[in-house]
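Topology and contacts: notes
These are the residues of each chain, in order.
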Amino acid sequence: MYTIHAIDAGTLETVRRTNLDASGNAPEPWVATGGEPLRCCLRDATEGERLLLFGYEPKLPPSPYREIGAVFAHAARCDGPADAGYPADWAHRPQVLRAYDARGWIHPSTRAHDGTDPQAALAAILAHPEVVRVDSRNIAYGCFMFTVTR
């Protein structure tokens, strides 16, 4: 069994309140054209929604594998994910499932899946007891999508 985590609501509120992202840059206002993956509620945006595009650094222990990447989120607070399962809008998208150990180092069970059965790919990675989390990342752009924990 596992839990899917969107970007923490407190982190999103800090970006909105301070107008600064993980790199100290101002988020870019964005009007959705439709299909932008929203890391606040784990669904694709619909045309016309007001978004922010900003640099996000997933919380990891200090390690060489920390990184910052661009993500979309609603410009105003939203209710978060509609359910706790694998994000329905993203279930058939190929993704990189980057596994991490307790030190924040990438675990060798990291793999890409082709979008046919992401739940089975996650279960296989989480079967390794050293894995403490898995970050789903966009296969083409490398951006963070969500975190998975046991």
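Below or above, wherever it landed, is the structure these notes cover. Quick caveat: nothing in here was measured; it's all calculated off a predicted structure. Each chain carries its own residue numbering, running from 1 in the direction its sequence is written. For a predicted model such as this one, the threshold for reporting local features is a pLDDT of at least 70, and the threshold for listing and counting side-chain atom pairs is 80 or more; totals across whole chains, interfaces and linings nevertheless cover every residue. Only hydrogens and water are set aside; all other atoms, that is, all heavy atoms of the structure, feed into the side-chain values.

1. Regarding the pattern of salt bridges
When the charged atoms of two side chains lie near each other, side chains of opposite charge can form a pair. The condition is simple: A pair is scored as a salt bridge if a Lys or Arg side-chain nitrogen falls within 4 Å of a carboxyl oxygen belonging to Asp or Glu. Only DSSP runs of H or I with at least four residues qualify as helices, and only runs of E with at least two residues qualify as strands; both kinds are numbered from the N terminus onward. When accessible area is computed with a 1.4 Å probe and restricted to protein chains, residues below 20% of their type maximum are described as buried, those above 50% as exposed, and intermediate ones as partly exposed.
The full count for this structure, using the stated rule, is 8 salt bridges. The partner of Glu 67 in a salt bridge is Arg 98, with the nearest N and O atoms 2.5 Å apart. Here Glu 67 is found in the loop between β5 (50–56) and β6 (69–74), whereas its partner Arg 98 is found in strand β7 (residues 95–100), with 31 residues between them in sequence. Accessibility expressed as a relative area gives 17% for Arg 98, which makes it buried.

2. Considerations on the packing of aromatic side chains
Here is the rule: Here the aromatic set is Phe, Tyr and Trp, taking the six-membered ring for Trp, and pairing holds for ring centres within 6.5 Å; pairs whose planes are under 30 degrees apart are stacked, those over 60 apart are edge-to-face, and all others are tilted.
Evaluated as defined, the whole model comprises 5 aromatic pairs. Taken together, a centroid distance of 5.1 Å and an interplanar angle of 50 degrees make the contact between Tyr 56 and Phe 144 tilted. Residue Tyr 56 is located in strand β5, and its partner Phe 144 is located in strand β10 (residues 144–149); the two are separated by 88 residues in the primary sequence. Since its relative accessible area comes to 9%, Tyr 56 is described here as buried.

3. Comments concerning unusual backbone geometry
With phi around 60 degrees, Asn 19 is a residue other than glycine that occupies positive phi space. Structurally, Asn 19 can be placed in the loop between α1 (9–18) and β2 (28–31). Although it is not a glycine, Leu 42 sits at a positive phi angle of roughly 55 degrees. For Leu 42, the position within the fold is in the loop between β3 (37–38) and β4 (43–44). Given a relative accessible area of 7%, Leu 42 falls into the buried group.

4. Examining α1
This is how the line gets drawn: The arc in question is the one traced by the directions running from the helix axis out to the C-beta atoms. Working rule for contacts: check all heavy atoms of both residues, and any pair within 4.5 Å makes them a contact. Whenever two N or O atoms come within 3.5 Å, that pair is a polar contact, provided that in protein one can donate a hydrogen and the other can accept it, and provided that, for residues adjacent in sequence, both atoms are side-chain atoms.
For α1, the full list of buried residues reads Thr 11, Leu 12, Val 15 and Arg 16. Buried residues of α1, seen end-on, are gathered within an arc of 135 degrees and therefore sit on one face of the element. Packing partners of the buried residues in α1 comprise β5 and β6. A side-chain oxygen of the first residue of α1 lies 3.0 Å from the backbone nitrogen of Gly 10; this N-cap is Asp 8. Two residues or fewer past α1, Asn 19 is found with a positive phi of approximately 60 degrees.

5. A word on the layout of surface pockets
The cut-off we apply is this: Whether a set of points on the 1 Å grid over the protein atoms alone is a cavity depends on a 1.4 Å probe fitting there but being unable to get out, while an open set qualifies as a pocket with protein on both sides within 12 Å along at least five of seven lines; lining residues are those with an atom within 4 Å of a point. Grid points are joined across faces, edges and corners, and a volume is the space filled by probe spheres set on the points. Side-chain classes are defined by residue name, with Ala, Val, Leu, Ile, Met, Phe, Trp, Tyr, Cys and Pro counting as nonpolar, Asp, Glu, Lys and Arg as charged, and the others, Gly among them, as polar.
Here the largest pocket defines a volume of roughly 210 Å³. Around the largest pocket, the lining is made up of 13 residues, and of these Pro 37, Arg 39, Phe 72, Tyr 141 and Cys 143 lie nearest the centre. It is β6 that contributes the most residues to the lining of the largest pocket, 4 residues altogether. For the lining of the largest pocket, a count of residues per class yields 7 nonpolar, 4 polar and 2 charged. As a volume, the second largest pocket reaches approximately 160 Å³. Cys 41, Leu 42, Arg 43, Pro 81, Ala 82, Asp 83, Gly 85, Tyr 86, Pro 87, Ala 88 and Asp 89 together form the lining of the second largest pocket.

6. Examining the environment of Lys 59
On the secondary structure map, Lys 59 appears in the loop between β5 and β6. Given the relative accessible area of 58%, Lys 59 is considered exposed. In the structure, Lys 59 is positioned 10 residues away from Gly 69 in sequence and 12 Å away in space, judged by C-alpha atoms. Excluding anything up to four places from it in sequence, Lys 59 contacts Thr 11 and Arg 133.

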